[in-house]
Structure formats: structure tokens, C-alpha cells
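As a plain string of letters, each chain reads:
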Amino acid sequence: MNHYRITATESVGNTSVTATVTGQTSTTLTGLKAATTYAVAVTACRDAACVESGTAAAVSGTTDTEYWQLQGTGNTVSDHHPVGTPHRVRTGSSRVPATR
């Protein structure tokens, strides 16, 4: 085999994330949405263009739910979060930093 192509296709929107793996037995797919079901297929490519290939039957899996944690007291919110980076989340008409 020249390389493997791993493709995760979202069940609802049909958007996909693809990773190419050469000389490894595992990889991490990034850019997947939380709490979303994906069909994941592995293609074994015999040439660089993946024209000559064989594809295994896709398997289905759902990513974990993403939880957000807001930190603060009174009318202030902490700018420092130990996990991740601060994000702006709109809640009604106010905006507060949040981390996931």
C-alpha cells in the first residue's frame, strides 16, 4: 500500500473530513462537530492519486457532546480558563467569555 485515506462524512449535512495516513497504524481526525453522527470509511490506496484503491465498509459513530463552562461572579466573568481558550458566546443581549 502507498497510503490510507480516512474519511468521516457527517450524516446530516454530508460534509466530510479526510486524513491521509502513510506509515502509521492510527491517526486523529480533527474538525469534527460535537454530538454529530459520522460514517467513517478507510480506503487503501495503491498509488499516490488513490486511483487504484480498495475501500472497507463504512462504520458509524457519534462524537461526544460539547459542554461549555461559564466562570465568574456577580457581573464579572473570568478571562482566564484552565481548559481551552476563551470564546465569546452570545446569551440574550449580553456577551460573556466561555471555554469548552
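Small disclaimer: the values here were computed from a predicted structure and weren't measured.

Conventions we followed
- Every chain is numbered on its own, with residues counted from 1 as its sequence reads.
- In keeping with the predicted nature of the model, local features appear solely for residues at pLDDT of at least 70, side-chain atom pairs appear and are counted solely at 80 or more, and the whole-chain, interface and lining totals rest on all residues.
- Only heavy atoms go into the side-chain values, all of them from the structure, while hydrogens and water stay out.
- Here a strand is any run of E in DSSP of at least two residues, a helix any run of H or I of at least four, and the numbering for each starts at the N terminus.
- Here's how the labels work: a residue is buried when its accessible area is under 20% of the maximum for its type, exposed when over 50%, partly exposed in between, all with a 1.4 Å probe on protein chains only.
- Throughout, a contact is declared for two residues whenever any of their heavy atoms are within 4.5 Å.
- Computed by Shrake-Rupley with a 1.4 Å probe, the accessible areas treat only the displayed protein chains as cover when residues are assessed.

A separate point is the overall build of the protein. If you tally the helices and strands in the protein, you get 0 helices and 9 strands. Going residue by residue from the N terminus, the α and β elements of the protein occur as β-β-β-β-β-β-β-β-β. Across the 100 residues in the protein, those meeting the buried criterion constitute 21%. For the protein, the share of sequence-separated contacts (at least 6 apart) that also reach a separation of at least 24 residues comes to 41%. Carbon and sulfur atoms make up 50% of the accessible area of the protein, which totals about 7100 Å².

Of note, Ala35 is a non-glycine position whose phi angle comes to about 50°, a positive value. Checked against the element boundaries, Ala35 lands in the loop between β2 (16–21) and β3 (37–45). Overall, Ala35 belongs to the partly exposed group, its relative accessible area being 48%. Positive phi outside glycine occurs at Cys50, with the angle close to 60°. The topology assignment puts Cys50 in the loop between β3 and β4 (53–55). Accessibility expressed as a relative area gives 10% for Cys50, which makes it buried.

What is shown is where atoms sit, not what they do.
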